[in-house]
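These are the residues of each chain, in order.
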Amino acid sequence: MQNLNRLSDENLVAAYAKGNNDAFDALLQRHQNKVYSYILHLVKSPEVADDIFQETFVKIITMIQQGRYVDCGKFAAWTLRIARNLVIDFFRQEKSENLVSIDRDDNQGLNRSDIADSTVEDMMITEQIHADVRKLVDALPESQREVLEMRFYRNMSFKEIAEATNVSINTALGRMRYALMHIRKLAKEKNIVLSL
């Protein structure tokens, strides 16, 4: 790790793309404070900042592994641009969830299931979805299931997960990514619908 800290960002990205996970850990250590501070400055909420920070590095991992990082000598700027886009997505989603129009003549704006009280049918469907998700989670390999349960059921950060499982943050992020991909694949194979 000591020698890796002397490498440029681009050399670390290249090493990670070739399978050196320690190279990504060095990149993460080098940029995490700046990226987190930037996100927190924009969203003003540590909880939201934690989620977007983690999502930022999951996206970075995915893009590097898919060969979508273009070496232009600006890894830090690229990372902040990804974080900024995720913050924008967060605010767009938050705005759309809080926006209810009652300008329609037929009042259909108020007759939507997503803003109405839950019906018995909705609750039964939700219970079935939860049961289906539980079955899919139980079908995951142990290492993926462990990370997913810590993240979603115990609300642990990836740093906490990495410490609890004695792996690098990069490995924890990778296991989460594969767990979600595995669940989507299983749901598709078993024709399970995971939303109302």
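Residues numbered from 1 in each chain as written. Predicted model: local features only at pLDDT ≥ 70, side-chain atom pairs only at ≥ 80, totals over all residues. Heavy atoms only, no water.

Visitor: What is the right way to look at the overall build of the protein in this model?
Guide: A tally of regular secondary structure across the protein gives eight helices and zero strands. Start at the N end of the protein and walk to the C end: the helices and strands fall as α-α-α-α-α-α-α-α. Here the protein holds 196 residues, and 35% of them are scored as buried. Partitioning the contacts of the protein with sequence separation of at least 6, the portion at a separation of at least 24 is 54%. If you sum the accessible surface of the protein, you get close to 12600 Å²; carbon and sulfur atoms cover 49% of it. (Helix = DSSP H or I, 4+ residues; strand = E, 2+ residues; numbered from the N terminus. Buried < 20%, exposed > 50% of the residue type's maximum accessible area, 1.4 Å probe, protein only. Contact = heavy atoms within 4.5 Å. Areas by Shrake-Rupley, 256 points an atom, 1.4 Å probe, with all protein chains shown as cover.)

Visitor: How should the packing of helix α1 (residues 9–17) against helix α2 (residues 21–43) be read in this particular structure?
Guide: Packed helices, taken two at a time, are described by their axes: the angle between them and the distance between them. α2 packs onto α1 with a crossing angle of 145° between their chain directions and a minimal axis gap of 7 Å. In this structure, the crossing between α1 and α2 has a hand that is left-handed. Every residue of α2 that contacts α1 at Asp9, Leu12, Val13, Ala15 and Tyr16 is listed here: Asn21, Ala23, Phe24, Ala26, Leu27, Arg30 and His31. Looking at the contact of α1 with α2 residue by residue, the classes come out as eight nonpolar, two polar and two charged. (Axes fitted to C-alpha atoms, helices over the stretch in contact; angles between N-to-C directions. Left-handed = near helix turned anticlockwise from the far one by under 90°. Nonpolar A, V, L, I, M, F, W, Y, C, P; charged D, E, K, R; others polar.)

Visitor: Can you help me understand the nonpolar core in this one?
Guide: Soluble globular proteins: nonpolar side chains tend toward being buried together. Core analysis: the largest hydrophobic core is formed by 47 residues, its most contacted members being Ile39, Phe57, Ile60, Ile64, Phe75 and Trp78. Broken down by secondary-structure element, the contributors of at least two residues to this core are α1, α2, α3 (46–65), α4 (75–98), α5 (120–138), α6 (142–153), α7 (158–165) and α8 (169–189). Looking at which element gives the most residues to this core, the answer is α3, with nine residues. With near-sequence residues (within four places) excluded, Phe57 lies in contact with Phe24, Leu28, Val35, Thr79 and Leu173. (Core = buried A, V, L, I, M, F, W, Y, C linked by side-chain atoms within 4.5 Å.)

Visitor: I keep staring at α3 and nothing clicks. Help me out?
Guide: Helical geometry: 3.6 residues make up each α-helical turn, so side chains three or four residues apart lie on a common side. Here α3 is 20 residues long and its end C-alpha atoms lie 28 Å apart, about the 28 Å a rise of 1.5 Å per residue gives. Turning to α3, its buried residues number three or more, namely Val48, Ala49, Ile52, Phe53, Gln54, Thr56, Phe57, Ile60, Ile61, Thr62, Met63 and Ile64. Positive backbone phi, at 75°, marks Gly67, one or two positions downstream of α3. (Expected span 1.5 Å × (residues − 1).)

Visitor: Which parts of the structure should I look at to understand the packing of aromatic side chains?
Guide: Enumeration according to the criterion identifies eight aromatic pairs in this entry. Here Tyr16 and Phe24 contribute two aromatic rings whose centre-to-centre distance is 5.0 Å and whose plane-to-plane angle is 45°, an arrangement assigned as tilted. Neither Tyr16 nor Phe24 differs from the other in exposure class; each is buried. Seen in terms of ring centroids, Phe53 and Phe57 are 5.0 Å apart; in terms of plane orientation they differ by 55°. Their pairing is tilted. Of this pair, Phe53 and Phe57 are both found in helix α3, four residues apart, which corresponds to roughly one turn of the helix. (Phe/Tyr/Trp six-rings, centres within 6.5 Å; stacked < 30°, edge-to-face > 60°.)

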